[in-house]
Amino acid sequence: MRYLEREEREKTRGLWEEAFPGDSREFVDYYYRNKIADNRILAEEEDGEVISMVQLNPYRVQVRDREYGLDYIVGVATREDRRHQGHMRRLLLQMLRDMRGAGTPFTFLMPAAEAIYRPFGFRYIFDQPHRAWKPAPVSGAGPVPGLTAEEIPSLDHPSPEAVRCLAAWQQKFLSERYEVLAVRDESYIRRLMSELASEKGVWTLFRDENGQAAAMESWWGLKEREQRFLYAPDSLTEETAPPSPAIMARITCVEEFLKSISLTGDAPVESLRILMQIKDPLIPENDGKFLWVLDKVSSRAERMELPGEEEFDGEMTAEVEVLAEWLFGYRKPENLPDWAAWIRPLKGVFLDEVV
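Read on for an overview of the structure. (Residues numbered from 1 in each chain as written. Predicted model: local features only at pLDDT ≥ 70, side-chain atom pairs only at ≥ 80, totals over all residues. Heavy atoms only, no water.)

## Quick notes on unusual backbone geometry
Point 1. Positive phi values are uncommon outside glycine, yet Ser154 reaches one of about 50°.
Point 2. Mapping Ser154 onto the fold places it in the loop between strand 7 (148–151) and helix 5 (160–175).
Point 3. One non-glycine residue, Lys200, lies in the positive phi region at around 50°.
Point 4. Counting through the fold element by element, Lys200 comes out in the loop between helix 6 (186–197) and strand 9 (202–207).
Point 5. By relative accessible area, Lys200 is classed as exposed at 61%. (Helix = DSSP H or I, 4+ residues; strand = E, 2+ residues; numbered from the N terminus. Buried < 20%, exposed > 50% of the residue type's maximum accessible area, 1.4 Å probe, protein only.)

Here it is, written out as structure tokens:
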């Protein structure tokens, strides 16, 4: 088991194509032209051939007032004649422990099946919304009343000005609504454009009466067209179906993750000292007792090997996956102690990346 060198990553393409036959050749060409340039691939080999792999694609992710370089897990695959032999488990455990060693707060993925990743401590933290433009109130008024559509030309070779505009608008629009999101910088936008171009994507910018960007929409797909994104004020759109579970995450370094959690602004205390027993059977450094100290800005956690005669404002025991659901703001655990009402989880997760 090892991380492949840059020049070796191309040899995983055959396994990708075997494991994910639904991906078009054009998309796989895009992926192996762009993504493997800076990702990491942890693999097991036999006779020089990759038989199992986990690919880690880097993203800058905003978490409240911090930014982290995090890994989006993709391409988890084992050659058909080597499945059910423990290869994936070994790779995922090594990957999680390496992330813990690097102080990475969490990792995330889009599961092919939830049941595959639950035993590894992954839980859903983001539901994908399904929205469309509201019908025009006046017949013949156009698809989006009050806005002018402008298709972004040449997604393969966009102008620097267009890239800057799109990045700035998306970052502002999403960060005003969510505390956890992939940072929309110019590099992100260029890569997204190339991804869309691989399957004949179109990107439409909508401007208001003052010529300012007001919304964005994209569609792609070679065989069947599907909406890649729709970023627009709720007043202009409506829900077409309930949000569907989309992204799972796994806390990999408890101490780093908890830095982004704080007390609520209206908490009746300025700080809390909590004795937190965290259960993590897969990452030993996350498993055990921690002193969790919170104020109204952030918090810190310190491992306590042998708690002494210290006094605490409260105590709690939680599995690491339950902690993630709660503090990402996705699902509140039952039977929380009274003081937990003063804890401020992250407000809003938006991770709609494909790879």
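## Focus on the pairing of strand 3 (residues 49–63)
Taken residue by residue, a regular strand's side chains alternate between the two faces of the sheet.
Point 1. Strand 3 sits mainly inside the fold: twelve of its 15 residues count as buried.
Point 2. In this sheet, strand 3 lies alongside strand 2 (residues 40–46) in antiparallel orientation, the contact comprising seven bridges. Within strand 3, the position partnered with Glu44 by the bridge is Ser52.
Point 3. Here eleven bridges tie strand 3 to strand 4 (residues 66–78), and the two strands are oriented antiparallel to one another. Bridged to Arg60 within strand 4 is Gly69.
Point 4. Between strand 3 and the antiparallel strand that follows it, strand 4, lie two residues; Arg64 among them carries a positive phi value of about 55°.
Point 5. Bridge analysis of strand 3 against strand 8 (residues 180–182) gives three bridges, and the strand direction is antiparallel. Paired with Gln62 across the strands is Leu181, a residue of strand 8. (Pairing = 2+ DSSP bridges.)

## Concerning the sheet that holds strand 9
Strand pairing in a sheet relies on backbone hydrogen bonds. The paired strands run either parallel or antiparallel.
Point 1. Overall, antiparallel pairing links the four strands, which are arranged 7-9-10-11 in an open sheet. Pairing within the sheet leaves two strands with one partner each, and these edge strands are strand 7 and strand 11 (226–231). When strand polarity is set aside, the average angle formed by the axes of neighbouring strands in this sheet is 20°.
Point 2. Relative to strand 10 (residues 213–220), strand 9 is paired through six bridges, and the arrangement is antiparallel. Along strand 10, the bridge assignment pairs Arg207 with Ala213.
Point 3. Together, strand 9, strand 10 and strand 11 form the strand contacts of helix 5, whose direction differs from that of strand 10 by roughly 105°. (Axes fitted to C-alpha atoms, helices over the stretch in contact; angles between N-to-C directions. Contact = heavy atoms within 4.5 Å.)

## Thoughts on the pattern of salt bridges
Two side chains with opposite charge may pair up if their charged atoms get near one another.
Point 1. Using the criterion set out here, one finds 35 salt bridges in the structure.
Point 2. For the salt bridge of Glu18 with Arg83, the shortest nitrogen-to-oxygen distance reads 3.7 Å. You can see Glu18 sitting in helix 1 (residues 13–19) and its partner Arg83 sitting in the loop between strand 4 and helix 3 (87–101), a full 65 residues away along the chain.
Point 3. Exposure remark for Arg83: the relative accessible area of 35% places this residue in the partly exposed category.
Point 4. Put simply, Glu255 and Arg100 hold a salt bridge, and the shortest N to O gap is 2.6 Å. Of this pair, Glu255 sits in helix 7 (residues 254–258) while Arg100 sits in helix 3, and the two are 155 residues apart along the sequence. Arg100 matches Glu255 in its accessibility class, with the two residues each being buried.
Point 5. Here the residues in one salt-bridge network are Arg13, Glu17, Arg25, Glu26 and Asp29, joined through shared partners. (Salt bridge = Lys/Arg side-chain N within 4 Å of Asp/Glu carboxyl O.)

## Considering the packing of aromatic side chains
Point 1. Taken as a whole, this structure holds 22 aromatic pairs when the rule is applied.
Point 2. Relative to Phe122, the ring of Tyr117 lies with its centre 5.8 Å away and its plane at 75°, an arrangement referred to as edge-to-face.
Point 3. Ring plane angle 70° and centroid distance 5.8 Å describe the contact between Tyr231 and Phe350, whose orientation is recorded as edge-to-face. Taken together, the residues span a long stretch of sequence, with Tyr231 in strand 11 and Phe350 in strand 19 (residues 349–350) at a distance of 119 residues.
Point 4. For Tyr231, a relative accessible area of 4% translates into the label buried.
Point 5. Each member of the aromatic cluster is reached from another via a ring pair, and the members are Phe126, Trp169, Phe173, Tyr178, Trp203, Phe229, Tyr231 and Phe350.
Point 6. Cation over ring: Arg177 sits above Phe173, and NZ or CZ is 3.7 Å from the ring centre. (Phe/Tyr/Trp six-rings, centres within 6.5 Å; stacked < 30°, edge-to-face > 60°. Lys NZ or Arg CZ within 6 Å of the ring centre and 35° of its normal.)

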